[in-house]
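# Overview (structure and organization)
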Amino acid sequence: MDSPRVLKDYTVVVRNRVIQALGPTSGVPVPPGAQLIDGTGRYLMPGLIDAHVHLRHQSELLSYLVYGVTSVVHLSGPTSGVPDPLGLRAQVARGEVLGPTIYASGRIVDGDPPIFPGVSIAVTSPADAAAAVEAQIASGVDFIKLYNNLTTPEMQSAIAAAHARGVVVFGHIPRHDGRVGALEHALTAGLDVVAHGEEYFFTFFYGDTDRRLSEGLLPAPDERQIPSAVQLTLSAGAAVTPNLSFVVMTRAQLDSLPRVLSDPEASFLSPTVLTTWKTQNPTTRRDLALFDRRERVKLPFVEHLTLALSQAGVPLLLGTDASAPGMFPGKSAHVELRALVRAGLTPYQALAAGTRVPGAFLQAHTQTQPLGTVTLGSRGDLILLHANPLDDVTVTDSIVGVLVAGRWLPIDSLKAMRRAAAALPR
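A short tour of the structure in this document, coming up. (Residues numbered from 1 in each chain as written. Predicted model: local features only at pLDDT ≥ 70, side-chain atom pairs only at ≥ 80, totals over all residues. Heavy atoms only, no water.)

## Comments concerning the overall build of the protein
Just so we agree on the cut-off: Only runs of H or I of at least four residues qualify as helices and only runs of E of at least two qualify as strands under DSSP, and these elements are numbered from the N terminus. A radius of gyration in this sense is built from C-alpha atoms; the matching globule rule multiplies 2.2 Å by the number of residues raised to 0.38. Exposure classes here rest on a 1.4 Å probe applied to the protein chains alone. A residue is buried below 20% of its type maximum, exposed above 50%, and partly exposed in between. Contacts are assigned to residue pairs that have any heavy atoms within 4.5 Å of one another. All accessible-area figures derive from a Shrake-Rupley calculation using a 1.4 Å probe, and residue coverage is judged against the displayed protein chains alone. When charges are tallied, Lys and Arg are placed among the positive residues and Asp and Glu among the negative ones, while His and the ends of the chain are skipped. Charge positions are represented by NZ for Lys, CZ for Arg, CG for Asp and CD for Glu.
When you go through the protein residue by residue, the secondary structure sums to 15 helices and 15 strands. Relative to the compact-globule value of 22 Å for 426 residues, the protein shows a C-alpha radius of gyration of 21 Å, a close match. Summarising its shape, the C-alpha atoms of the protein cover approximately 70 × 45 × 45 Å along the three principal directions. Here the protein holds 426 residues, and 54% of them are scored as buried. Summarising the internal contacts of the protein: among those between residues at least 6 apart in sequence, 71% fall at separations of at least 24. Accessible area of the protein: about 17,400 Å², with a carbon and sulfur share of 54%. Across the protein, the centroid of the 35 positively charged side chains sits 5 Å from that of the 37 negatively charged ones.

## Quick notes on the pairing of strand β4 (residues 48-53)
Formally: Strands qualify as paired when DSSP identifies two bridges or more between them. Note on handedness: a crossover is taken as right-handed if, strands pointing away from the viewer, the path from the first strand over the helix to the second is clockwise.
Burial analysis of β4 places six of its six residues in the buried class, which makes it a mostly covered element. The pairing of β4 with strand β5 (residues 69-74) spans four bridges and is classified as parallel. Across the sheet, Val53 pairs through a bridge with His74, a residue of β5. Taken together, β4, helix α1 (residues 60-66) and β5 constitute a β-α-β crossover, and its handedness is right-handed.

## Describing unusual backbone geometry
Backbone torsion omega between Asp112 and Pro113 reads 5°, so that peptide bond is classified as cis. Looking at where Pro113 falls in the secondary structure, it is placed in the loop between β7 (108-110) and β8 (120-122). The amide bond that connects Ala322 to the next residue, Ser323, takes the cis arrangement and shows omega of 0°. Turning to its location among the elements, Ser323 is positioned in the loop between α11 (288-312) and α12 (331-342). In this model, Arg17 sits at a positive phi of 70°, which is unusual for a non-glycine residue. If you trace the backbone, Arg17 turns up in the loop between β1 (10-15) and β2 (18-24).

## Brief notes about the environment of Ala138
Along the chain, Ala138 turns up in helix α3 (residues 126-139). Using a relative accessible area of 70% as the deciding quantity, one classes Ala138 as exposed. As a C-alpha pair, Ala138 and Thr355 span 217 residues in sequence and 29 Å in three-dimensional space.

Below, the structure is given as structure tokens:
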């Protein structure tokens, strides 16, 4: 994943979860007693990294592995199904629980009132915001997550407190003080990762959207201003999680919720999560007609923005918002890869957004070894595929097996483990 190339007839040796040797098969000795995985005619790539998930039940961990997602960034703190994400992070790291490596924020830091009271901390002043961030960092979180209802001073204080302790910040673009200028305020304050591409639509490009919707018209974001928004992002050194898959699946639910819920993956959701999906999906909105019109415009807009961000060199991190309604853990990463290619990225650029780029980001900002590439010293999180994803990104789910936490897991074994876990009381 350093360039769009295939290294043919190579051997990779992994020991103690780290790639310790690789090169042409004729020149790489295999240590005595090593477990051999025959990759003849197949393709080895780094495990996928989903840089925006919400763990709502421990059983979701196996779903990520079934789809080759070997690292996740959990961005909502404790949930009812995962009351101690930092404890679960430690259990996975110690090998006590099988799953992807977990990186985690604390509770979402939001203004008063918070958008999601159950998973948020509501702050009421800049000092309160800084104290909330400092407390989360003291608890051992990897990242801070900010949300919509923060005032600009509260947002600035939270980001400054995080940066003072070397912790980066993911976030929505707070718009409590108005949509105009909100993107600039957040980027100037130092927001490190814009958590959704649609945040640009809701702020910098929102314009007269409300008026147009009230008159029965479609929104008309001024795409001539995309270069300006891209330059703001590039100059700030921020990364972006396009999260096209979330917009795609919102559209899919509006078109046919029964079709989405009939996906076989639904059988692997915990009953509580599935109930939430059925009762809190986009079709339950009171402003459904307005929302539907807005969504018809938002997807092509975010696609155009994503391509422009990629062409300008803004780091793009694959993220899906799993397990929000419609976003199946693990599977959504492949929806995102395909959506990135439909937006105009090459298969290599899409794959980089799910491997090398977030790997470099995580290495730079957390205490973790290199990951996201098949290179010496990199973490040995790997997936073996039947076909070449550089030719066709849709083959990323044609998985032969997954290597994670030093264990080789053939796909049939992984699927059997997941079926067995789904049969247990949850």
